[in-house]
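Listed here are the chains, written in short residue letters.
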Amino acid sequence: MKPDASPAREPIADRLARLGLTLPPPIQAPGGIRLPFPFVHVVGRRVFVSGHGPQAPDGTLAPQRGKLGRELDLVQGREAARLTALAVLGSLQRALGSLDAIGHWCRVFGMVASAPGFNRQPEVVNGFSELILEVFGDEVGTHARSAVGMAELPFDIPVEVEAELELRAPSPGR
Amino acid sequence: MKPDASPAREPIADRLARLGLTLPPPIQAPGGIRLPFPFVHVVGRRVFVSGHGPQAPDGTLAPQRGKLGRELDLVQGREAARLTALAVLGSLQRALGSLDAIGHWCRVFGMVASAPGFNRQPEVVNGFSELILEVFGDEVGTHARSAVGMAELPFDIPVEVEAELELRAPSPGR
Amino acid sequence: MKPDASPAREPIADRLARLGLTLPPPIQAPGGIRLPFPFVHVVGRRVFVSGHGPQAPDGTLAPQRGKLGRELDLVQGREAARLTALAVLGSLQRALGSLDAIGHWCRVFGMVASAPGFNRQPEVVNGFSELILEVFGDEVGTHARSAVGMAELPFDIPVEVEAELELRAPSPGR
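Computed from a predicted structure; not experimentally measured. In this numbering scheme, every chain counts its residues from 1 along its sequence in written order. Each chain is given a letter, starting from A, and each ligand a number, starting from 1, according to the order in which they appear as written. Only residues with pLDDT of at least 70 get local features here, since the model is predicted, and only at 80 or more are side-chain atom pairs given and counted; chain-wide, interface and lining totals rely on the full set of residues.

1. Structural notes on the overall build of chain A
Scanning chain A from N- to C-terminus turns up three helices and five strands. Numbered from the N terminus, helices here are DSSP runs of H or I no shorter than four residues, and strands are runs of E no shorter than two. Going residue by residue from the N terminus, the α and β elements of chain A occur as α-β-β-α-β-α-β-β. Values of the radius of gyration come from C-alpha atoms, whereas the globule rule sets the reference at 2.2 Å times the count of residues to the power 0.38. Taken over the C-alpha trace, chain A has a radius of gyration of 16 Å; the compact-globule value for 174 residues is 16 Å, and the two agree within 12%. Referenced to the eigenvectors of the C-alpha coordinate spread, the extents of chain A come out at roughly 55 × 35 × 30 Å. Within the span of chain A, comprising 174 residues, buried residues form 52% of the whole. For every residue pair, C-beta atoms are placed from the backbone, and the pair is scored as a contact if these atoms sit within 7 Å. Of all intrachain contacts in chain A linking residues separated by at least 6 positions in sequence, the fraction that spans at least 24 positions is 83%. To sort residues by exposure, count the other C-beta atoms lying within 10 Å of each residue's C-beta; 20 or more gives buried, 12 or fewer gives exposed, and values between give partly exposed, all with C-beta atoms placed from the backbone.

2. Quick notes on the interface of chain C and chain A
Taken together, the contact pairs 27 residues of chain C with 25 residues of chain A. Contributions of two or more residues to the side of chain C that touches chain A are made by strand 1 (40–43), strand 2 (46–52) and strand 5 (159–167) of chain C. No other element matches strand 2 of chain C, which puts five residues into the side of chain C that touches chain A. Amino acid classes used here: Ala, Val, Leu, Ile, Met, Phe, Trp, Tyr, Cys and Pro are nonpolar; Asp, Glu, Lys and Arg are charged; the rest, including Gly, are polar. In terms of residue class, the side of chain C that touches chain A is built from 17 nonpolar, four polar and six charged.

3. Overview of the interface of chain A and chain B
Each partner contributes residues to the interface: chain A has 26 residues there, and chain B has 25 residues. For the side of chain A that touches chain B, the secondary structure elements donating two or more residues are strand 1 (40–43), strand 2 (46–52) and strand 5 (159–167) of chain A. If one sorts the elements of the side of chain A that touches chain B by residue count, strand 2 of chain A sits on top with five residues. The residue inventory of the side of chain A that touches chain B, partitioned by class, reads 16 nonpolar, four polar and six charged.

4. Quick notes on the relation of the copies chain C and chain A
Residues below a pLDDT of 70 in either copy are left out; the C-alpha atoms of the rest, at least 70 in both, set the least-squares superposition of the copies. When chain C is brought onto chain A, the operation consists of a screw motion whose angular component is 120° and whose axial shift is 0.0 Å, with 0.0 Å RMSD remaining. Taken together, the rotation and translation relating the two chain copies correspond to the operation of a three-fold axis. For chain C, the residue whose C-alpha comes nearest the rotation axis is Ala151 of chain C, separated from it by 2.8 Å. The share of interface residues of chain C whose copies in chain A are also at the interface is only 7%, consistent with the copies meeting through different surfaces.

5. What to know about the relation of the copies chain A and chain B
Once chain A is rotated about the relating axis by 120° and shifted along it by 0.0 Å, it coincides with chain B to within an RMSD of 0.0 Å. Looking at the interface residues of chain A, only 8% of them are also at the interface in chain B, so each copy uses its own face.

6. Brief notes about helix 3 (residues 121–141) of chain A
Here, expected helix span is obtained from the residue count minus one, scaled by 1.5 Å. Between the first and last C-alpha of helix 3 of chain A there are merely 20 Å, a value that for 21 residues lags more than 12% behind the 30 Å anticipated at 1.5 Å per step. Remark: the principal bend of helix 3 of chain A, roughly 85°, maps to Val135 of chain A. The bend at a residue is defined as the angle formed between two axes, one fitted to the seven residues ending at that residue and one fitted to the seven starting there.

7. Examining the environment of Gln121 of chain A
All names here are of chain A. With respect to the helices, strands and loops of the structure, Gln121 is situated in helix 3. Accessibility expressed as a C-beta count within 10 Å gives 29 for Gln121, which makes it buried. For Gln121 and Leu68, which are 53 residues apart along the polypeptide, the C-alpha to C-alpha distance reads 8.7 Å.

8. Considering unusual backbone geometry
All names here are of chain C. One non-glycine residue, Phe155, lies in positive phi territory at about 60°. The topology assignment puts Phe155 in the loop between strand 4 (144–150) and strand 5. What makes Phe155 partly exposed here is the crowd of 17 C-beta atoms within 10 Å. With a phi angle near 65°, Asp156 is a residue other than glycine that sits in the positive phi range. Residue placement: Asp156 occurs in the loop between strand 4 and strand 5. Here Asp156 falls in the partly exposed class, since 19 other C-beta atoms lie within 10 Å of it.

9. Some remarks on the sheet that holds strand 5 of chain C
All names here are of chain C. At least two DSSP bridges between two strands are required for those strands to pair. As summarised here, the arrangement of the five strands in space is 1-2-5-3-4, forming an open sheet in which the pairing is mixed. Edge positions in the open sheet fall to strand 1 and strand 4, since each of these has one partner strand only. In this sheet, neighbouring strand axes are inclined to one another by 15° on average, regardless of whether the strands run parallel or antiparallel. Judged from the seven bridges that link them, strand 3 (residues 102–113) and strand 4 form a sheet pairing that is parallel. Within the sheet, the bridge partner assigned to Ala113 lies in strand 4 and is Met150. Of the strands in this sheet, strand 3, strand 4 and strand 5 touch helix 3 (residues 121–141), which is tilted by about 175° from strand 3. All axes here are fitted lines through C-alpha atoms, helices being fitted over the stretch that makes contact, and every angle between N-to-C directions spans 0 to 180 degrees.

10. Concerning the packing of helix 2 (residues 74–96) of chain C against helix 3 of chain C
Think of two packed helices as two axes; the pair is described by the angle between the axes and how far apart they sit. All names here are of chain C. Running from N to C, helix 2 and helix 3 cross one another at 35°; their axes reach a closest spacing of 7 Å. With respect to the hand of their crossing, helix 2 and helix 3 are arranged in right-handed fashion. Across the interface between the two elements, Leu74, Gly77, Arg78, Glu79, Ala81, Arg82, Thr84 and Ala85 from helix 2 touch Glu123, Val124, Val125, Asn126, Gly127, Phe128, Leu131 and Ile132 from helix 3. Counted by class, the contact of helix 2 with helix 3 contains eight nonpolar, four polar and four charged residues. Here a crossing is called left-handed whenever its near helix is offset anticlockwise from the far helix by less than a right angle, and right-handed whenever the offset is clockwise.

So this is what it looks like as structure tokens:
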């Protein structure tokens, strides 16, 4: 049980700038497919993040497609996971107004499109987890995690991540 | 952060009748396998829905089996996802007494048994999401969602959905 | 909606001893891979359990690797799921101090590495669920569950389980 983060922590926007990280714009599903759900859904203090894949800086899906262990190697997979983290942060920023509203990361479910015999999913999903910890620090960014190998993912993306977070408790003084 | 639904909304049972939708009876696992868990598990205001597959109107598993992109096409997959939504609604109705007890859908995890090269999972799972939105409306039915491709599903069903919901807050006047 | 467990229930440590069950020590990821996340993450009263696999009594990953329906049969798969439950209990004990802190199991997501045509995931994951119910009883141990077939799992383990639980409410008298 962790206390809520101190209000004096560095604003996440400053930390992103300091790390040279830019968040992509909202993704459009390829082929004009209707996605009848929000990328981020807030219920009370709980924040549910829909499955996200890696985006290019212009907001489209990143061009690297296929499976780890066949079309993509470990380095490319880690980069896809890192781009997925940036995509999730972009969605959270737009849905919450500010990434400083986040009190705790809770759960990260990391799915890696895997060719037969590829069993290094944790190293791929580290590309996601390490970015989150770098941006949010341990106190806010720590999360439970699974990293597993999928038969197929939508649009042949190599990585998809679903997550759950919790908003900061309202300050008693406000 | 969405307010709880207004008490004046149309009862879900009326909406189901108006839409001509009938909920199937509880499923029996094929082959008499013991399933040592409930279909719906309520903890406080949180509602955890176990993985459900598509059911026929008589309650048995729907006869369409196999993988999308091989035994089943997109139209059949969407219909399987729609039947899965009806199965989940049947379980929720029996567990909660009334579907009006639901305050918010939170999370839908849509799993599609996928042959190699099938990457249209979102269009399949839309059959689930669209039914939920039709029955509950946006205010209650909106949910975060993932749609992913599985190597295999139990009993060779084409679609399985796990979900989480939240009960309505108790009315202060009661 | 279930009440919190009575304080008079048998301590879980006693029940484990009575059942002859020993919990393994913390796992080390094979090959010295860095795992940048905790095995158990507590946020408020919510307990998020990272994906766990089967461990041998010495804490290493259990030697049985591969897929159900090819390298492993149903009996071996059920045993792998049972060893996964013991691994999860070990992590919970270390994170919470005592398994008696658990108020409710909420959700179990059971993933089975599955060769093509293997569709008996529920029977495999029963090895997990049945141990949890044996140790915690129905009141605390009941959980929603999914059991699904994965293309690949890390380190070629046959079973991985992710879970969510809730801590007991603080006693008003304390």
